[in-house]
Structures are given as C-alpha cells and as structure tokens.
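# What the coordinates show
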Amino acid sequence: MPRIHQLPPHEAQKIAAGEVVERPANALKELLENALDAGATQISVYIEDAGKQLIRIVDNGCGMSPEDAQLCYKLHTTSKVTSIDDLEKIQTFGFRGEALASISAVSKVTLITKEQEAQQGIKHALEQGNITKETTVPCTTGTDIQVHDLFYNIPARKKFLKKRETEWRHIIQLFQAFCLDYHVIHFKLFSEGKQVHNCPPAQNLTDRLTQLWGHSSAQHMIPVEKQHKQQSVTVTGAVSNHHYVRYDRNHLFFFVNKRWVKNHTLARALLKGYLNVLPPARYPAACIHIEIDPALVDINIHPRKEEVQFLHPRIVETLIQQAVREAKPGREISAQLVDKG
Ligand code: ADP
Ligand code: MG
C-alpha cells in the first residue's frame, strides 16, 4: 500500500463538497435555504441546461456586507450558530456553514450582494473557492448568486450527472416543494430564459397548487386535517380525489415541521388510502404537512436532511391514512382524467 499522505486542502474540500452537492438540485436547495434565511420575500431561480451550466438565485433578502461576503465561502463560516449548543434551538436552515464553501469548490461562482444601508453592491468572481475578481456594482438590496459549470473541475463527478430530463425533474420537484412550503413567498422559475413558474404570494395552499399545477389539476385537491392529541402530531394539507391520476409519484409532497422530506413509509401509508380508488400503478397527488414535537423525530439520519425517522412511525402513518379516508377521494376506479404531467 502507498504511504499515507495528507491531501492538499483544496483537494480535500472538493471531495467533501461531493457530500453536500451531488447534483444541481442539491446546490439549488442550499441556495434557496440561504435566501429564505436572509428574509427574502421574492426569489427568482434561473436554470440553464438543467443546472449543469447555470443555477442562479436572485433574492431580495438582507444581503451581505463586503466583509461578510469575503468570508461566506470559507469552510465553517456561518452567521447562524456560534457553538454546538445552538444546534438544538436552531430555527434557520443553514448552520453547517459549508454550503457556499462546497458549491464554490466545485463550480465557478459569481456573487453580487448589497445590504440595505450600503450605497453600492459588491461583486465577486470565484474559481476553486478563491475570489479572482472583486468590483463594486450598482444593485438593489439582496443577493444574486450564480453557479456556473457545476463540477467543471471534477470530471469524474460530472460524468455521473444524469441526463438533462432527470436533473431537471429533480430541480422542478425541489422548486415546487419550496413553493408549497412557503406559499407567501413570491417564487419564479426560469429555464433557458423562459418562465416556467410564476407564483406570487398565495392566500392558501389551494391557490398555490393552482399556480403550480393549473386549475384543471388543483380543482381535484381536497383539504385534509387530522390530529393526534396525546402525541401532539398534526397532519394538514390536501390530497387528490379519484378524478386525478398520474403515472408517477412526482406530485407527492411531504413536509415534517416545514422541512421537505422524502420518506417512502409516508408515501406508502398515503397510497394505502387509495387502494380501491386508483388502478394499480397509478398515483394521486398530495401535499401533506406534518407538525410534530421535534423530540419525536430525528432529522439527522441523512447528510442532506432529506429523510427523517419518527419515534412512533405508526401514529403518523395511521393519521395520514385516516386523513385520506376522511377526504373520501372516491370509491370507484376512474381513470378518465389522466394527467401525464
Ligand atoms: P450556513 O447557511 O450554514 O450559515 P452557507 O455556506 O450556506 O452556510 O452560508 C454562509 C453564510 O453566508 C450564511 O451564514 C449567511 O450569513 C451568508 N449568506 C449566504 N447566502 C446568503 C444570502 N442569499 N443572503 C444573505 N446572506 C447569505
Ligand atoms: Mg446555508
């Protein structure tokens, strides 16, 4: 075996970055969370080539001072925690302070940012995580971050990106999840310069669903609400009726304490409620928010916090099934209205 040697920091950083950023949608998620943490109420997303060429997020949040902007790409730099004790009570999304460090280690980043009180904004160009150019620019308050050429310096990783449609599907699902989670935020999504979604602040979930899926789909959504008092678990949201049929599970969204999660057990519980309602291998739409005592759920079982584990999974599953049953999505199989999405 070759002798042990220590990796140069930039190589170590590129490897570590792969844990945070596996595909364009992961980078987009981190950047959207940062925008929300910054208090943005308007967030526009611009995508080129399913995020492989460009992921750009423009927000009207608090922006950064020139000093903070200098620091934000360094590993373990964060404005959100000062010690491990803070992790318990953290309200914001970020806290590991590694998203921008990771993203800028594996792409070419351009950042423009301005705080309210500043006259001018600051613009940085970065390569390999280092600022290569710094200028001042006139701009509005907020942050505009552009991630170009993801994995340009890790060809092995770039090769494993999936085909454009697959990466785009991940992006659009993530975008929709944020829209459903934060219906008072004005989100826009553009791909190759064309507007794909425009979601101004919505009054309620139904309005948001209409913005995202159109009236023809949203009209089939039935509101649900279910509560388990002793365990203080609440399930709210909407599920589709029997007129709504899909060939895929792309319109199943679950949120636990406002965090979007992919949890197969939750999906299975929901689908059980549709056993005699939909034909086999056909799927409904659902947007389910689960509010639960944080002590009864572990959100740290996944490095990117995409999955969760419940202390009492049966309680949550039963609530979801009851919610579907009470919504009475329909008893006969009807596949006349097939939405191929
Ligand atoms: P974390 O979010 O875990 O703190 P990040 O690497 O994602 O780590 O961001 C580092 C810091 O950069 C944040 O703590 C925040 O202070 C600042 N920051 C990042 N994105 C934005 C943004 N869109 N608006 C304002 N500040 C931001
Ligand atoms: Mg962050």
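Residue positions within a chain follow its written sequence, with the count starting from 1. Chains and ligands are labelled by the order in which they are written, letters from A for the one and numbers from 1 for the other. Local features are withheld for residues below a pLDDT of 70 in this predicted model, meaning they are given only at 70 or higher, and side-chain atom pairs are given and counted only at 80 or more; totals for whole chains, interfaces and linings count all residues. Values reported for side chains reflect all heavy atoms of the structure, with hydrogen atoms and water molecules removed beforehand.

The pairing criterion is simple: DSSP has to find at least two bridges between the two strands. Helix numbers and strand numbers start at the N terminus; a helix is a DSSP run of H or I with at least 4 residues, a strand a run of E with at least 2. Across the sheet, which stays open at both edges, the 8 strands sit in the order β5-β4-β3-β6-β2-β1-β7-β8 with mixed pairing between neighbours. Of all strands in the sheet, those with a lone pairing partner are β5 (130-137) and β8 (194-199), marking the two edges. Strand-to-strand twist across the sheet, computed as the mean angle between neighbouring axes with direction ignored, equals 10°. Judged from the 7 bridges that link them, strand β4 (residues 121-127) and β5 form a sheet pairing that is antiparallel. Angles run from 0 to 180 degrees between N-to-C directions of axes, and those axes are lines fitted to C-alpha atoms, restricted for helices to the stretch in contact.

Before going further, it helps to spend a moment on the pattern of salt bridges. Should a side-chain nitrogen of Lys or Arg be within 4 Å of a carboxyl oxygen of Asp or Glu, the pair is scored as a salt bridge. Applying the stated criterion across every chain, the model contains 11 salt bridges. Asp149 is the salt-bridge partner of Lys108, the closest N and O atoms lying 3.8 Å from each other. With Lys108 in strand β3 (residues 108-114) and Asp149 in the loop between β6 (142-148) and α6 (155-159), this residue pair connects regions lying 41 residues apart in the sequence. Three labels apply to residues, based on accessible area from a 1.4 Å probe with only protein chains included: buried if under 20% of the type maximum, exposed if over 50%, partly exposed otherwise in between. Look at Lys108 and you get partly exposed, because its relative accessible area is 28%.

Bringing the packing of helix α10 (residues 264-272) against helix α11 (residues 313-327) into the picture now. Look at α10 against α11: their axes get within 8 Å of each other, and the N-to-C directions meet at 35°. Here the hand of the crossing between α10 and α11 comes out right-handed. Between α10 and α11, the contacting residues are Thr265, Leu266, Ala269, Leu270 and Lys272 on the first element and Val316, Glu317, Ile320, Gln321 and Val324 on the second. Following the grouping adopted for this structure description, the nonpolar residues are Ala, Val, Leu, Ile, Met, Phe, Trp, Tyr, Cys and Pro, the charged ones are Asp, Glu, Lys and Arg, and the polar ones are all others, Gly among them. By residue class, the composition of the contact of α10 with α11 is 6 nonpolar, 2 polar and 2 charged. It is the rotation of the near helix from the far one that decides the hand of a crossing: anticlockwise by less than a right angle makes it left-handed, clockwise makes it right-handed. Every residue pair with non-hydrogen atoms within 4.5 Å of one another is taken to be in contact.

Side-chain rings of Phe, Tyr and Trp (the six-membered ring for Trp) are treated as a pair once their centres are within 6.5 Å; stacked means planes under 30 degrees apart, edge-to-face means over 60, and tilted covers the remaining angles. Summed over all chains, the structure comprises 4 aromatic pairs. With a centroid separation of 5.9 Å and an interplanar angle of 80°, the aromatic rings of Phe175 and Phe187 are classed as edge-to-face. Linking Phe175 in helix α7 (residues 164-181) with Phe187 in strand β7 (residues 186-191), this pair joins segments that are 12 residues apart in sequence. Residue classification places Phe187 among the buried positions, given a relative accessible area of 0%. Cluster of aromatic residues (ring-pair linked, three or more members): Trp213, Phe253 and Trp260.

The 5 strands lie next to each other as β9-β10-β13-β11-β12, forming an open sheet whose pairing is mixed. In this open sheet, the two strands that pair with only one neighbour each are β9 (221-228) and β12 (259-261). Along the sheet, successive strands turn relative to each other by an average axial angle of 20°, direction set aside. Looking at chain direction, strand β11 (residues 252-256) and β12 are connected through 3 bridges and run antiparallel. Bridged to Phe254 within β12 is Val261. α7 rests against β11, β12 and β13 (286-292) of the sheet, and its axis sits at about 55° to β11. The strands touched by α11 within the sheet are β9, β10 (233-240), β11 and β13, with β9 carrying the most contacts at an inclination of about 140°.

With respect to the helices, strands and loops of the structure, Val235 is situated in strand β10. Judged by relative accessible area, which is 0%, Val235 ranks as buried. Not counting the four nearest positions on each side in its chain, Val235 is found in contact with Val224, Glu225, Lys226, Ile288, His289, Ile290, Leu319, Ile320 and Ala323.

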